[in-house]
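Spelled out from the first residue to the last, the chains are:
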Amino acid sequence: MCSIIGYIGNRDVAQILLDGLSRLEYRGYDSAGIAGIQCEEISVVKRLGRVKNLSDAIDESVKFDGIGIGHTRWATHGSVSLENAHPHLSFHGIFSLVHNGVIENYESIKHFLVEKGYEFYSETDTEVLVNLIEYHFKKETSLENKFLVSVQKALLHVRGTYGIAVLCKHSPGEMVVARKSSPLLIGIGDNEMFIASDACAIVAHTHNVVYLNDGELASITQSDFSVVTMKNEKIDAVKCELDWRIEDVSRGEHEHFMLKEICEQPVALQNAMRGRFSDDLSTAKFGGLRLSPRELRQVDRILFCACGTAWHACLIAEYLIEKYARIPVEVAYSSEFRYSNAPLEKNTLVFVISQSGETLDSFAALQEAKRKGYRTLAITNVVGSTIARESEGGIYQHSGPEIGVASTKAFTAQVCVAAMLALLLGRLRDMSFDDGVAFVQALLQLPEKVSKILEKKDEIRLIAEKYAHHEDMLFLGRQSMFPVALEGALKLKEISYIHAEGYPAAEIKHGPIALISGKCPCFFLATQRNTLQKTLSNILEVKARNAMVIAVVAEGSKIPPGCTDDLIVVPETHDALEPILATIPLQLFAYYIAKARGCDIDKPRNLAKSVTVE
Ligand code: AGP
C-alpha cells in the first residue's frame, strides 16, 4: 500500500532514495518524502503527489551524511496532506520513521503520549509510533543498543501491521528496521546497504537480499547488519539471490508498464509452464505442491481464496477443476473467508492466489485456513513474499515483476497454472492419456496463439477508441467466460474510471437489461461453440434495444452479418484455455480506452499495486 526505502553508503543518498521511490511508486502515490542525517540533525523533505514533485524540490542544500530513508504514501490514516506525508519526525527531533502498515491502537498510545507532554502535527498512526520510540529512548538508561531496544520496546505496545525504517540522530551510522505483516527486505551491497518494501527498488544495486520475517528487527550499518527477534534473540538471516534483472522493472520502449506486461504474456506463459510437464507430455507436475499423488487423490474439496483479479482467476480455476478433475471447488473473497467460518471437509485443500504475495486480506485468509488445520498452498508471483513463505507449499507463476497496477500477465499466468492443476488432478482421476496429451499440446501452443492476438493491437485500438467516450459498459459471457467478463470490467473501470460490470450473458434478461440503451455498449465473450447460438440470442436482445455490441469469437465462428458492431476473432484452442485467449483483447481494449481518455494508466487514481491494509 505504501512503500519504504533506505540507504546507508558513500553514494548520493538523496538520489538513490529518489530512484528507488520512483520504482516503488506503483505501490502508492499520494505523497512522497525522504529524510536523512545532515550535520548531526535529521533533515526531512516531502511533497504531495508523485515522486517527481519531490525530486523537483531536492536541491544542493539537501546533502545527507551517508544515511537516509524514503516513503511513498497511499493514505490510510489521515487525509492526503503534507503534514500526513512520511517520513515523520519525533517531537524532540531525535527520530525519523517511515511506515507501511496500520497501527490499530494508535489512539490509545497517542493519548498516553499527550499525557506525557508530546504534541502532534499530523493525523497519522505513524507519527504516534515515532514518538513512542522517542519516549522509550528518553527513558532508556542502558547504553547498549539503546536505539534498537527503544524500537523493540515501542513495538511491544503496538497492535497492527508495520514495515518500518527508523533513523536516530544520536546514532547517525545506524538504521533500525522491523516488520510485521508488511514486506521488508535488506539489500547487501559492496560497503553499502539498502532496505525496501520490495525487490524492484534494490535490483539495480544488488541481487543479494535478506527477507525479514514477521516479528524480526534489524540493526543496519554501512558494512553490516544483524537480525534479532522482539526478545533480542539473534537470528542467522538467510541470504537469497534475486532472480530479477533491472530490465524487468524498466518500461523499455513501451509507453506504459501495462502495455509492456500485456505484450510479455507469451513469455510469461512459457515461464509458467517451463519444466512442468511429464516426460510423456500427458500431464502436469508441480514440485512445490509437496503433495504425493496419493495425497492429491485424497483431496475431496478445494477452496480458493483471493482478491480482485486473482479472485477472477479462482473462478476460472473452479470451472476447470470441476470439469476436468471432478473435484468440488469453492471460491471465496479472502476478506470474506476469514470471517465466514465456512464448514469445510477434512480433506479440503486451500489455495490462496496472490500476484504480490502481500495482499493482507489473502494473507489473513491463509492464516485462518492454517489455524483450522487445512493444508494451505499458494499460487503467487513473488518469490519470498509473505504468502509464499507462510503457505505449506505452492506454485510460483514466474511471470516476472508486474509493475502496472492493473494486473495482466499475472492473471493469464494464474489461469494457465490453474489449467495445469486441473490437468494434473484430472489425470490422477478419470482423464485419459489421450485427453491429457491433447491438453498439454494445447498448452504448449498457447504462447504462439497469444502472440497472434497481440499482432491485432492496432485493430483493437481502433475499436477501443470508438467507445472511449462512454461512461457505462457491460461485459457478458457464459460459463468460464463469465469470470473473463468480470476481469474485463475490472480492467476497464480501474484504469479508465468508466463504470463497467460483468454478468453471465444469460443473466441480463433478469434485470441488467434495464440498463441497455445506446449509451451502454455491451462486450460479449462468445468463444465457446456449445453456447454460441444462445449467446447470439443475448446479443440480438441487446441490439434490439439499441446497444452497441463488441464480441470476441473464435476463428471459424458463424456470426450473422450486422449482429455486432465490432468483432474480434481469436484463434481456436482447447476449451480449457479459451479464457486466456479471450482476456487478451479485453486488456488491450481497456488499455487503449484509458489512453484515449488520458488516464494515468500505470498509477490509476485511488489504487495501489499491493493492498497491504484490510
Ligand atoms: C487487479 O488489476 C487489481 N490491481 C487488484 O484487483 C489486484 O488483483 C488485487 O488487489 C489482488 O492483488 P494480489 O494478486 O497481489 O493479491
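In this report, the structure presented in the accompanying data block is examined. Here the structure is a predicted model, which is why all the values come from computation and not from measurement.

What follows is about the site of the ligand. Near the ligand you find 15 residues, and of these Ser354, Ser356, Thr359, Val405 and Glu494 are the closest. Between the ligand and serine 356 there is a distance of 2.7 Å, counted from an oxygen atom to a side-chain nitrogen or oxygen. With respect to the ligand, the side chain of threonine 359 contributes an N or O atom lying 2.5 Å from an oxygen atom. Protein chains shield 90% of the accessible area of the ligand, which is 410 Å² for the free molecule. Put simply, the parts of the chain that give the shell around the ligand at least two residues each are helix H9 (308-324) and helix H16 (481-496). A class-by-class count of the residues in the shell around the ligand yields six nonpolar, seven polar and two charged.

One open sheet accounts for seven strands, arranged E5-E6-E7-E8-E12-E13-E14; its pairing is antiparallel. Of all strands in the sheet, those with a lone pairing partner are strand E5 (88-89) and strand E14 (234-235), marking the two edges. Pairing of strand E8 (residues 175-180) with strand E12 (residues 216-220), which is carried by five bridges, proceeds in the antiparallel orientation. Across the sheet, the residue bridging to methionine 175 is isoleucine 220, located in E12. Of the strands in this sheet, E5, strand E6 (95-100) and strand E7 (162-168) touch helix H4 (residues 125-139), which is tilted by about 140° from E6. Here helix H5 (residues 146-156) sits on the sheet and contacts E6, E7, E8, E12 and strand E13 (225-229); the angle it forms with E7, its principal contact strand, is near 145°.

This brings us to H5. Counting buried positions over the 11 residues of H5 gives eight, a clear majority of the element. Within H5, the full set of buried residues consists of Phe147, Leu148, Val149, Ser150, Val151, Gln152, Ala154 and Leu155. Check the buried side of H5 and you find it contacts E6, H4, E7, E8, E12 and E13.

Taken together, the five strands give an open sheet; going across it, the order is E22-E21-E23-E24-E25, and neighbouring strands pair in parallel fashion. Strands at the two margins of the open sheet, each flanked by one partner only, are strand E22 (499-504) and strand E25 (566-570). Averaged over neighbouring strand pairs, the angle between their axes works out to 15° when direction is ignored. As judged from the five bridges shared by strand E23 (residues 522-526) and strand E24 (residues 549-554), these two strands associate in the parallel manner. Each residue of the ladder has a partner; that of cysteine 522, found in E24, is valine 549.

Quick look at the packing of H9 against H16 now. Interhelical geometry of H9 versus H16 gives an angle of 170° and a closest axis separation of 9 Å. By the angle class used here, H9 and H16 are roughly antiparallel. Counted together, Gly308, Thr309, Trp311, His312, Leu315, Ile316 and Tyr319 of H9 and Pro483, Val484, Leu486, Glu487, Leu490 and Lys491 of H16 form the full contact between these two elements. For the contact of H9 with H16, a count of residues per class yields eight nonpolar, three polar and two charged.

Turning to helix H18 (residues 578-596), a few remarks are in order. Two residues of an α-helix separated by three or four positions point the same way, owing to the 3.6 residues in each turn. Taking 1.5 Å per residue as the helical rise, H18 with its 19 residues ought to reach 27 Å, and the 28 Å between its terminal C-alpha atoms agrees with that figure. The element H18 is extensively covered by neighbouring structure, given that 17 of its 19 residues are classed as buried. One or two positions beyond H18, positive phi appears at glycine 598, with a value near 70°.

The next thing to look at is the packing of aromatic side chains. The tally for this structure, following the rule as stated, stands at 13 aromatic pairs. With a centroid separation of 5.7 Å and an interplanar angle of 50°, the aromatic rings of phenylalanine 95 and phenylalanine 147 are classed as tilted. You can see phenylalanine 95 sitting in strand E6 and its partner phenylalanine 147 sitting in helix H5, a full 52 residues away along the chain. Take phenylalanine 95 and phenylalanine 147: they sit in the same class, and that class is buried.

For the rest of this paragraph, the subject is the side chain of glutamate 487. Tracing the backbone through its elements, the reader meets glutamate 487 in helix H16. Here glutamate 487 falls in the buried class, since its relative accessible area comes to 1%. Dropping the residues within four chain positions of it, glutamate 487 is found in contact with Thr309, His312, Ser407 and Phe411.

This paragraph deals with the nonpolar core. A general tendency of soluble globular proteins is for nonpolar side chains to be buried together. Ranked by size, the top nonpolar core spans 96 residues in total, and within it Ile302, Phe304, Ile321, Leu443, Phe475 and Phe589 carry the most contacts. If you tally residues by element for this core, the top one is helix H13 (residues 409-427), at 13 residues. Setting aside its immediate chain neighbours within four residues, phenylalanine 589 contacts Ile460, Ile463, Ala464, Tyr467, Met473, Phe475, Phe523 and Ile550. Membership of the second largest hydrophobic core comes to 33 residues, among which are Ile58, Phe194, Ile202 and Trp244.

Before going further, it helps to spend a moment on the pairing of E22. Looking at chain direction, strand E21 (residues 472-477) and E22 are connected through six bridges and run parallel. Bridging from a neighbouring strand, leucine 474 pairs with glutamate 501 of E22. You can see the chain leave E21, run along H16 and come back into E22, and the turn it takes is right-handed.

Pairs can form between side chains of opposite charge whenever their charged atoms are close. For the structure shown, the criterion picks out 24 salt bridges. The salt bridge partner of arginine 301 is glutamate 330, with a shortest N-O separation of 3.0 Å. Taken together, the positions of arginine 301 in strand E16 (residues 301-306) and glutamate 330 in strand E17 (residues 329-333) put the pair 29 residues apart, joining distant regions of the chain. With relative accessibility at 27%, the residue glutamate 330 sits in the partly exposed group. Here arginine 461 makes a salt bridge to aspartate 458, at a shortest N to O gap of 3.5 Å. One end of the pair is arginine 461 and the other is aspartate 458, both in helix H15 (residues 457-466) and three residues apart, which spans about a single turn. Classification of arginine 461 by relative accessible area gives partly exposed; the value is 26%. Overall, aspartate 458 belongs to the partly exposed group, its relative accessible area being 46%. Taken together, the shared-partner salt bridges connect Lys260, Glu264 and Lys409 into one network.

Moving on: the environment of serine 517. Inspection of the secondary structure puts serine 517 in the loop between E22 and E23. Assessed through its relative accessible area of 27%, serine 517 is described here as partly exposed. C-alpha separation for the pair serine 517 and alanine 547, spaced 30 residues apart in sequence, amounts to 5.1 Å. Among residues more than four places away in sequence, those in contact with serine 517 are Arg545, Asn546 and Ala547.

This next bit is on the packing of H13 against H18. Interhelical geometry of H13 versus H18 gives an angle of 170° and a closest axis separation of 10 Å. On the basis of the axis angle, H13 is roughly antiparallel to H18. Taking contact as the criterion, the partners of Phe411, Thr412, Val415 and Cys416 in H13 are, on H18, Ile580, Thr583, Ile584 and Gln587. Residue classes in the contact of H13 with H18 are distributed as five nonpolar, three polar and no charged.

Criteria and cut-off values
Residues numbered from 1 in each chain as written. Predicted model: local features only at pLDDT ≥ 70, side-chain atom pairs only at ≥ 80, totals over all residues. Heavy atoms only, no water. Near = heavy atom within 4 Å. Polar contact = N/O pair within 3.5 Å; in protein donor to acceptor, adjacent residues only side chain to side chain. Areas by Shrake-Rupley, 256 points an atom, 1.4 Å probe, with all protein chains shown as cover. Helix = DSSP H or I, 4+ residues; strand = E, 2+ residues; numbered from the N terminus. Nonpolar A, V, L, I, M, F, W, Y, C, P; charged D, E, K, R; others polar. Pairing = 2+ DSSP bridges. Contact = heavy atoms within 4.5 Å. Axes fitted to C-alpha atoms, helices over the stretch in contact; angles between N-to-C directions. Buried < 20%, exposed > 50% of the residue type's maximum accessible area, 1.4 Å probe, protein only. Parallel < 35°, antiparallel > 145°, perpendicular 65-115°, else oblique. Expected span 1.5 Å × (residues − 1). Phe/Tyr/Trp six-rings, centres within 6.5 Å; stacked < 30°, edge-to-face > 60°. Core = buried A, V, L, I, M, F, W, Y, C linked by side-chain atoms within 4.5 Å. Right-handed = clockwise from strand over helix to strand, strands pointing away. Salt bridge = Lys/Arg side-chain N within 4 Å of Asp/Glu carboxyl O.

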